[in-house]
Structures are given as C-alpha cells and as structure tokens.
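# Survey of secondary and tertiary structure
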Amino acid sequence: MRPAAALAACALVAACASAGQPVLAPPPEGYLGEADIARLATTLPIPISDGRARTPVEPGTDRWWLAVAHAELRPPEAAQHFDCALGTRLAARPRPALQRLMTRLLADADALTREAATARGHVARPIALDPDLQPCQRVTPEVRHGPSWPAGGAVGGTLYGATFAALAPDRAEQVRRIGREIGVSRLVCRMNGPQDVWTGELGGRSLFDRIATSEPFQADLAAARVEVAAARAEGLTNPSCAAERRALGPMPDGG
C-alpha cells in the first residue's frame, strides 16, 4: 500500500471515511417522473453472464485509490471528481446551483438503478460470487448481497459526465472521460461486473438524453454554468490531480 497515493486519492472527496458504497440516497425530487424512469428501465439490456471477470487492477495502486474516492457520488463532494478535467477546485467555496443540479440528477440515477434492479431480476455482485475478492471499501452483508446490475455508480458517473460536458463544452471530452472512469471504478472495486458497468453507462446516457429536454433541468443547468465558469476563473487547482494523472494517464487535449 502506498500511503501518499491513498491520501492524494482521498483528498478528491471530503473524507476517506465517506468513500464507501456509491451513495445513491434519493433526495426529494429528480427531473423525471416515475413513468419516465420505468420506461427507461425496460430498455436496459440484461447481462448474459455473471460478474466473475477479474479486474487487472491490484489493491494499493493509484487506480485502486482513485476508485475508493470515486465511490462518493453525493454532491457537493462528487463535484470534485471533475476538478482536474476542468482545471479548477469546485469545493473551494459553496456552489449552490451546481449542488442542486447534481442532487436532482442523483435522484434520477438512483431511481433508474432501483427500478431496473427490481423489475428485471437480481444479479449477484462479484464479491458475493467470490467471497475471497477484496473490495476497495467497507461493505455490509446487505451491500455484499445487493443487486449488481445495473451498476449505479456507472449510471451516476455517466450522467454527471454528460452534464459537466454541457456545463463546460470546451472540456467535454475530458469530463465525459471522468464520468466513464467513475463507472469503471465500480469494476475496480469488485462491486460490479463488466456488463453491469456497461449497462449502467447506457442508462446514464439515456437518462441525460431524456432529462436534457426538461425545462427545470435547463434552468438549473444555466445557473450552474455561471458557477462553474466562476470557479474556473478563480485559478485554483486540486492538489490530487497528480495522483489522478498517475492513475489514469494524461487527459486528452481536445474539447
């Protein structure tokens, strides 16, 4: 284990202690109604194999510690996952419009994940299929034996990535990559299988396409765009970006 890497990764969120199972607790309301969520859930392909595929990422590596940090999906902490892609530090001060936007998106991501898992059948997690697997986080028996499909972290991460691409179009490729990596982190953590993550990404993209037509979303997006632009103008950076570069490699140059 590399303590420096661990500390750098955990600095991406408010505290290591909160970086457990992706937290998808629903706030009062999202952007979509129950009928929309139910229709989207029926479009997600059910996996044709279990989640026994092993990730090549070993515990204690930079990518492992980044996966620990990515487990936090609650705003405002989750916004920090996009700091390095944007070249800023979003948690340097309160961003209420951004927090509202991300909170409502998280409600929809949670609703889709739960609806799909309930309606389409239970898929076991890799750590339930193979109890000898080491997860990258603390797990309760309930979490260990909870549904693996679709991967909620991939749903939320992809949805966040698409939204940040709309907030900062000049960094669209970079923030979408981070959204994908948040999903991949669930595979690194042995919490979800490859097809669970892939399905979660499909769900996140479908959610964004549907949410993007919502007038309340467009209003929240406009307010959050002002805050993100102000944050980027502040000239601050996240000290954990060096650890992220070691874990993921350099960001693409294109916008």
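Located above this text is the structure these notes cover.
Here's a quick rundown of the structure. (Residues numbered from 1 in each chain as written. Predicted model: local features only at pLDDT ≥ 70, side-chain atom pairs only at ≥ 80, totals over all residues. Heavy atoms only, no water.)

## Looking at the side chain of R95
What counts here: In DSSP terms, a helix is any run of H or I states spanning at least four residues, a strand is any run of E spanning at least two, and both are numbered starting from the N terminus. Classification of residues uses two cut-offs on accessible area relative to the type maximum, computed with a 1.4 Å probe and protein chains only: under 20% is buried, over 50% is exposed, and between them is partly exposed. Each polar contact in these results corresponds to two N or O atoms within 3.5 Å; when the atoms are within protein, one needs to be able to donate a hydrogen and the other to accept it, and residues that are neighboring in sequence are counted only if both atoms are side-chain atoms. Every residue pair with non-hydrogen atoms within 4.5 Å of one another is taken to be in contact.
You can see R95 is positioned in the loop between α4 (83-86) and α5 (96-120). Using a relative accessible area of 9% as the deciding quantity, one classes R95 as buried. Reaching out from R95, the side chain makes a polar contact with the backbone oxygen of R89 at a distance of 3.5 Å. Non-local contacts of R95, meaning those with residues more than four positions away in its chain, are made with R89, L90, E227, A231 and E234.

## Section: the packing of aromatic side chains
Convention followed: Only Phe, Tyr and Trp rings take part, Trp by its six-membered ring, and two of them pair if their centres are within 6.5 Å. Stacked means planes under 30 degrees apart, edge-to-face means over 60, and tilted covers everything else.
Applying the stated rule across the entire model yields 3 aromatic pairs. Measuring from ring centre to ring centre gives 4.3 Å for F82 and F164, while their planes differ by 15 degrees; the resulting arrangement is stacked. Of the two residues, F82 sits in the loop between α3 (62-70) and α4 while F164 sits in helix α8 (residues 152-167), which places them 82 residues apart along the sequence. Classification of F164 as buried rests on a relative accessible area of 1%. For the pair F208 and F217, a centre-to-centre distance of 6.0 Å together with 85 degrees between the ring planes defines the contact as edge-to-face. Of the two residues examined, F208 and F217, each falls in the buried class. Aromatic ring contacts, followed pair by pair, group Y31, F208 and F217 into a single cluster.

## Structural notes on the nonpolar core
Rule in force here: In these notes, a set of buried Ala, Val, Leu, Ile, Met, Phe, Trp, Tyr and Cys residues joined through side-chain atoms within 4.5 Å is what counts as a nonpolar core.
Counting residues in hydrophobic clusters, the biggest one holds 49 residues, and the most contacted among them are L98, L101, F164 and L207. Breaking this core down by element, the ones donating at least two residues are α2 (34-42), α4, α5, α8, α9 (172-188), α10 (194-211), α11 (215-233) and α12 (241-248). Element by element, the count of residues in this core is highest for α5, at 9 residues. With residues near it in sequence (within four places) discarded, L98 still touches A79, L90, F164, L167, A224, E227 and V228. Within the second largest apolar cluster, 12 residues are counted, among which are W65, V68, I127 and C189.

## What about the state of the cysteines?
This is how the line gets drawn: Note on terminology: disulfide denotes any pair of cysteine sulfur atoms within 2.5 Å.
Applying the stated criterion across every chain, the model contains 2 disulfides. The disulfide that involves C84 links it to C241, with 2.2 Å between the sulfurs. Negative torsions about the S-S bond denote left-handed disulfides, and the value of about -100 degrees found for C84 with C241 makes this one left-handed. Taken together, the residues span a long stretch of sequence, with C84 in helix α4 and C241 in helix α12 at a distance of 157 residues. Residue C84 is classed as buried on the basis of its relative accessible area of 15%. In this model C136 forms its disulfide with C189; the gap between the sulfur atoms is 1.9 Å. Between C136 and C189, the S-S torsion sits near 55 degrees, and that sign places the bridge as right-handed.

## Let's talk about the environment of Q218
With respect to the secondary-structure elements, Q218 resides in helix α11. Exposure remark for Q218: the relative accessible area of 38% places this residue in the partly exposed category. Distance in space between the C-alpha atoms of Q218 and L101 is 9.7 Å, their sequence separation being 117 residues.

## Digging into the pattern of salt bridges
Definition in use: Note on definitions: salt bridges are taken to be side-chain nitrogens of Lys or Arg within 4 Å of carboxyl oxygens of Asp or Glu.
For the coordinates displayed, the defined rule picks out 13 salt bridges. Of the charged contacts in the structure, one is a salt bridge between R39 and D36, with a shortest N-O distance of 2.5 Å. Of the two residues, R39 and D36 are both situated in helix α2; the distance of 3 residues between them amounts to about one turn of the helix. Residues D220 and R100 are paired through a salt bridge, measuring 3.4 Å at the closest nitrogen-oxygen approach. Linking D220 in helix α11 with R100 in helix α5, this pair joins segments that are 120 residues apart in sequence. Judged by its relative accessible area of 11%, D220 is buried. Residues participating in the shared-partner salt-bridge network are E29, R100, R104 and D220.

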